[in-house]
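Commentary on secondary and tertiary structure
So you can see what is in the structure, the chains are spelled out below.
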Amino acid sequence: MEVTSTLWVLTVVGLLALVSIDFFIGRKPHDVSIKEAGIWTVVWIALAVLFGLGLLVFGGGQPAGEFFAGYITEKSLSVDNLFVFVLIMAKFAVPSQYQQRVLLIGVLIALVLRAIFIAAGAAIIASFSWVFYIFGAFLIYTAWKLVQEARSDEEDEEFEENKLLKAAERRFGVADRYHGTKLWIEQNGKRVMTPMLVVMLAIGTTDVLFALDSIPAIFGLTQDPYIVFTANAFALMGLRQLYFLIGGLLRKLVHLSYGLSIILGFIGVKLVLHALHESGVHVPEISIPVSLGVICGVLIVTTITSLRASRKQAPKDRAEEDRAEGTDKDSIDV
């Protein structure tokens, strides 16, 4: 698909306009209700669908199929990010009324950093076709690692700050409490960061770590930088509302890691086949319709099995809680 510089500018301006509207509506700190989160989640999904239909009309079936496959993949991978976002919010004890502001700025930081990653990835792919072997192998390794983590009984319940974040805290200092939505304050004659800015940076920079697998994954579906960027943009910009909408359901998606591992492994194999094809080896290539069908099918099956497993586990958890309460009561009586 041929993309002119004018189309790039119009797309970026349109996305900035949508973000500005979102920011204007949610500018006042408040607790986000399920209704509000649900409405905005539907709005962002509808906008992504309309954009994909626009690609279908003006660009044809191939770009539209690549966009929808990339968007669904990025959206599903971003849901896994929400687990870490929950830990970050707990780590920094973010007041509920400020969480939507934190996520908005944090996601914007993540989008800018991802854009840099996408530009670098596109440049590397254009110059070195053998990089598909590396991307494919990395995705297959990531898929295997996800399975190992899912099978492990150990759960990481605490967020660990990355080195960049720790360096910023040492350099500028951090206030001892939140000061509304302020990012910098004067404390003891020195300009220091507030916890609000720190948690925004944590959200944005942590997402880059997830981009290490999501960016190669979407390049396995399309090598068009325009589609890669727009799919990432629509997936990320609806992430804030999704956080409030399914925050309580995250723990019920017990098989999500297995589903994501299958998707990443599948795209990894697709990349390796594509690399072999580029090298002159006659191997079958996986088409976009097949990729889209596999991705959607895996996510549907994973969601259904997760909800069933959670429903079966719920009575056992309640029974254990009742036994624990009974034990505590007996101890108090004694």
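None of these values were measured; they are calculated from a predicted model.

All right, on to the layout of surface pockets then. Counted as a void, the second largest pocket has a volume near 410 Å³. Lining the second largest pocket are 15 residues, with S76, V79, L253, L299 and T303 sitting closest to its centre. Contributing elements (two or more residues each) for the lining of the second largest pocket: α3 (61-91), α9 (239-246) and α11 (288-333). Residue composition of the lining of the second largest pocket, grouped by class: 10 nonpolar, four polar and one charged.

Turning to the nonpolar core, a few remarks are in order. Judged by nonpolar contacts, the single largest core of 80 residues is most densely connected at F67, F85, I88, F92, V94 and V102. Look past the residues within four positions of F85 in its chain and what remains in contact with it is L103, I203, L239 and Y243.

This next bit is on a nonpolar patch on the surface. Among the surface-exposed residues, I45, V49, L50, L53, L56, V57 and F58 lie close enough to one another that they form a single nonpolar patch of about 710 Å² accessible area. If you trace the backbone, V57 turns up in helix α2 (residues 34-59). You can call V57 exposed: its relative accessible area is 64%.

Counting across every chain of the model gives one salt bridge. In this structure, the salt-bridge partner of R114 is E74, at a minimum N-O distance of 3.1 Å. Of the two residues, R114 sits in helix α4 (residues 99-127) while E74 sits in helix α3, which places them 40 residues apart along the sequence. Per residue, the accessibility class of R114 equals that of E74, and both read buried.

Parameters and conventions
Sequence order as written defines the numbering, with residues in each chain counted from 1. Given that this is a predicted model, residues contribute local features only at a pLDDT of at least 70 and side-chain atom pairs are listed and counted only at 80 or more, while totals for whole chains, interfaces and linings are drawn from all residues. As a convention, hydrogens and water are excluded, and side-chain values are obtained from all of the structure's heavy atoms. Buried and open spaces are told apart on a 1 Å grid over the protein atoms alone, a cavity being a set of points where a 1.4 Å probe fits but cannot get out and a pocket being an open set with protein on both sides within 12 Å along at least five of seven lines. Residues with an atom within 4 Å of a point are the lining residues. Grid points are joined across faces, edges and corners, and a volume is the space filled by probe spheres set on the points. Helix and strand assignments follow DSSP, with helices taken as H or I runs no shorter than four residues and strands as E runs no shorter than two, numbered in order from the N terminus. In the scheme used here, Gly and all other residues not listed as nonpolar or charged are polar, with Ala, Val, Leu, Ile, Met, Phe, Trp, Tyr, Cys and Pro taken as nonpolar and Asp, Glu, Lys and Arg as charged. Residues belong to a common nonpolar core when they are buried Ala, Val, Leu, Ile, Met, Phe, Trp, Tyr or Cys residues joined through side-chain atoms within 4.5 Å. Using a 1.4 Å probe on the protein chains alone, a residue whose accessible area is under 20% of its type maximum counts as buried, one over 50% counts as exposed, and one in between counts as partly exposed. Contact definition: two residues touch when any of their heavy atoms are within 4.5 Å. Only residues above 30% relative accessible area that lack a salt bridge enter a patch, with like-charged residues linked at up to 9 Å and the nonpolar side chains Val, Leu, Ile, Met, Phe, Trp and Tyr linked at up to 5 Å. Calculation of accessible area relied on Shrake-Rupley with a 1.4 Å probe; when residues are assessed, cover is drawn exclusively from the protein chains displayed. Each salt bridge in this description consists of a side-chain nitrogen of Lys or Arg and a carboxyl oxygen of Asp or Glu lying within 4 Å of one another.

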